[in-house]
Amino acid sequence: LWYHKPAINEELLQSLPNLKVVASSGVGIDHLDLKLLSNYGMKVANTPFIVSTDTADLGMALMLASSRRLVEGHEMAVSPDTEYFRADWLGVEVSGATLGIVGMGTIGYKVAERAKAFEMKILYHNRNQRKKEEESAIGAVYCKKIDDLLQQSDFVLLAVNLTPQTCKLIGKRELELMKPTATLINISRGLVVDQDALVEALQNKVIRAAALDVTYPEPLPRDHPLLKMKNVIITPHIGSATKKTRWVMMEEMAESIEAGLAGLPIPREVL
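Procedures and definitions
- Residues numbered from 1 in each chain as written.
- Predicted model: local features only at pLDDT ≥ 70, side-chain atom pairs only at ≥ 80, totals over all residues.
- Heavy atoms only, no water.
- UniProt positions renumbered as here; feature names shortened; annotations may be inferred.
- Helix = DSSP H or I, 4+ residues; strand = E, 2+ residues; numbered from the N terminus.
- Rg over C-alpha atoms; globule rule 2.2 N^0.38 Å.
- Buried < 20%, exposed > 50% of the residue type's maximum accessible area, 1.4 Å probe, protein only.
- Contact = heavy atoms within 4.5 Å.
- Areas by Shrake-Rupley, 256 points an atom, 1.4 Å probe, with all protein chains shown as cover.
- Polar contact = N/O pair within 3.5 Å; in protein donor to acceptor, adjacent residues only side chain to side chain.
- Domains from an automatic or database assignment.
- Buried area = accessible area lost by both parts, 1.4 Å probe.
- Pairing = 2+ DSSP bridges.
- Axes fitted to C-alpha atoms, helices over the stretch in contact; angles between N-to-C directions.
- Right-handed = clockwise from strand over helix to strand, strands pointing away.

- The protein chain appears in an unreviewed UniProt entry as Glyoxylate reductase/hydroxypyruvate reductase from Struthidea cinerea.
- Turning to the protein chain, the UniProt record has this under Sequence similarities (unreviewed entry): "Belongs to the D-isomer specific 2-hydroxyacid dehydrogenase family."

Printed below as a string of structure tokens:
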């Protein structure tokens, strides 16, 4: 599967009686009905680890681009109408700011490693607290309650898997807990955020800005309000989109398929 296509539904499974393995690119498996696949005896594999570094890089890129208003700055610099650069056109600081990471898995941890180099104060919320030595290595502080993280963070970065528990994890209540100067960054899945609530929060200056690599749907309808906001950056779900990573993803998918067809243990099998 690439970009979650084709849809693996019962109709497709019934039409492919010899199918043995479903290999999906990327880390997310929210597009797969694992119970249905198990009922048909399917083996499932993904490529969870190779995407982590590039996705963490993109999370930092979105934070920097949003805070320093790079897209707006580029538009100003190249516009034929620009006669001078305004002196009051200002961004906000990243270095020394507080970053709250929601989801401290492999990607979240790699973001924290990068944020440490910017001398950021790092808070995180996760189902389970990391080991003390892992926290110490990046200077991260665990927030058992997500509310504590939201109230303290200048940047809130989402790096969770999409599950029934995380669907619309960030809604109206959570956005109102954030600082009016805060930025929301989403590198997980669009449905982790209540998009209508986000639009309202941005319009009413409940939060300062948003930087999104994911939305729902993808792409957004061309008349969607998020596409018209100066304080929003949207990229086309490119967390893993580098030549090297995409090549390795293809190799890992092929390895899983070959192992499954040969009756061998499948590398990176989703259980």
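## Comments concerning the overall build of the protein chain
In step 1: On a plain count of helices and strands, the protein chain comes out with ten helices and nine strands.
In step 2: The C-alpha radius of gyration computed for the protein chain amounts to 20 Å, which stays within 12% of the reference 18 Å derived for 271 residues, consistent with globular compactness.
In step 3: Across the 271 residues of the protein chain, 46% fall into the buried class.
In step 4: A separation threshold of at least 6 residues defines the contact pool for the protein chain, and within that pool the share at least 24 residues apart is 62%.
In step 5: For the protein chain, the accessible surface area stands at approximately 14700 Å², while carbon and sulfur atoms represent 55% of it.

## Some thoughts on unusual backbone geometry
Backbone phi values are negative for most residues with the exception of glycine, while trans is the configuration of most peptide bonds.
In step 1: Each neighbour pair has its own omega, and for Lys5 with Pro6 the value is 0°, a cis peptide bond.
In step 2: If you trace the backbone, Pro6 turns up in the segment before helix H1 (10–15).
In step 3: Positive phi, close to 55°, is recorded for Arg69, a residue that is not glycine.
In step 4: On the secondary structure map, Arg69 appears in the loop between helix H3 (52–67) and helix H4 (70–78).
In step 5: Phi at Lys168 is positive, roughly 55°, even though this residue is not glycine.
In step 6: Turning to its location among the elements, Lys168 is positioned in the loop between strand S6 (155–158) and helix H8 (172–177).

## Notes on the environment of Thr245
In step 1: Summarising the element assignment, Thr245 is placed in helix H10 (residues 243–261).
In step 2: Take Thr245: its relative accessible area is 6%, and that puts it in the buried class.
In step 3: Residues Thr245 and Thr55, 190 residues apart in the sequence, show an inter-C-alpha distance of 10 Å.
In step 4: In contact with Thr245, other than residues within four places in its own chain, are Ile50, Val51, Asp54 and Ser240.
In step 5: Within polar-contact distance, the side chain of Thr245 engages the side chain of Asp54 at 2.4 Å.

## Here's the deal with the domain arrangement of the protein chain
In step 1: Along its sequence, the protein chain is carved into domain 1 (10–49 + 242–262) and domain 2 (51–80 + 90–234).
In step 2: Once you take the C-alpha centre of each, domain 1 and domain 2 turn out to be 29 Å apart.
In step 3: Counting from both sides, the interface comprises ten residues of domain 1 and, opposite them, five residues of domain 2.
In step 4: Carbon and sulfur atoms make up 49% of the surface buried where domain 1 meets domain 2, a total of about 680 Å² over both sides.

## Considerations on the UniProt feature "domain: D-isomer specific 2-hydroxyacid dehydrogenase catalytic" (unreviewed entry) in the protein chain
In step 1: Under the feature "domain: D-isomer specific 2-hydroxyacid dehydrogenase catalytic" (unreviewed entry), the UniProt entry names residues 2–270.
In step 2: The span residues 2–270 is 36% helix and 13% strand, and its two end C-alpha atoms sit 16 Å from each other.

## Brief notes about the UniProt feature "domain: D-isomer specific 2-hydroxyacid dehydrogenase NAD-binding" (unreviewed entry) in the protein chain
In step 1: When the UniProt feature table is mapped onto this chain, "domain: D-isomer specific 2-hydroxyacid dehydrogenase NAD-binding" (unreviewed entry) is found at residues 60–239.
In step 2: In the segment residues 60–239, helix accounts for 32% and strand for 16%; the C-alpha atoms at its two ends are 11 Å apart.

## Some remarks on the sheet that holds strand S3 (residues 98–102)
In step 1: Read from one edge of the open sheet, seven strands run S5-S4-S3-S6-S7-S8-S9, paired in parallel fashion. Each of the sheet's edge strands pairs with one partner strand only, and the pair in question is strand S5 (140–142) and strand S9 (232–234). On average, each strand axis in the sheet is tilted by 15° relative to the strand beside it, whichever way the strands run.
In step 2: Of the strand pairs in this sheet, strand S8 (residues 209–212) and S9 are connected by three bridges, and their pairing is parallel. When the sheet's bridge partners are listed, Leu212 is paired in S9 with Ile234.
In step 3: Contacts from helix H5 (residues 106–117) reach S3, strand S4 (121–125) and S6 within the one sheet, and its direction differs from that of S3 by about 170°.

## Here's the deal with the pairing of S4
Side chains on a regular strand alternate between the two faces of the sheet.
In step 1: Of all five residues making up S4, four are buried, and the element is well covered by its neighbours.
In step 2: With five bridges connecting them, S3 and S4 associate as parallel partners. Directly across from Val102, in S4, lies its bridge partner His125.
In step 3: Remark: the S3/H5/S4 crossover connection has right-handed handedness.
In step 4: Bridging between S4 and S5 involves three bridges; their strand directions are parallel. Bridged to Tyr124 within S5 is Tyr142.
In step 5: With helix H6 (residues 132–138) bridging S4 and the parallel S5, this β-α-β connection has right-handed handedness.

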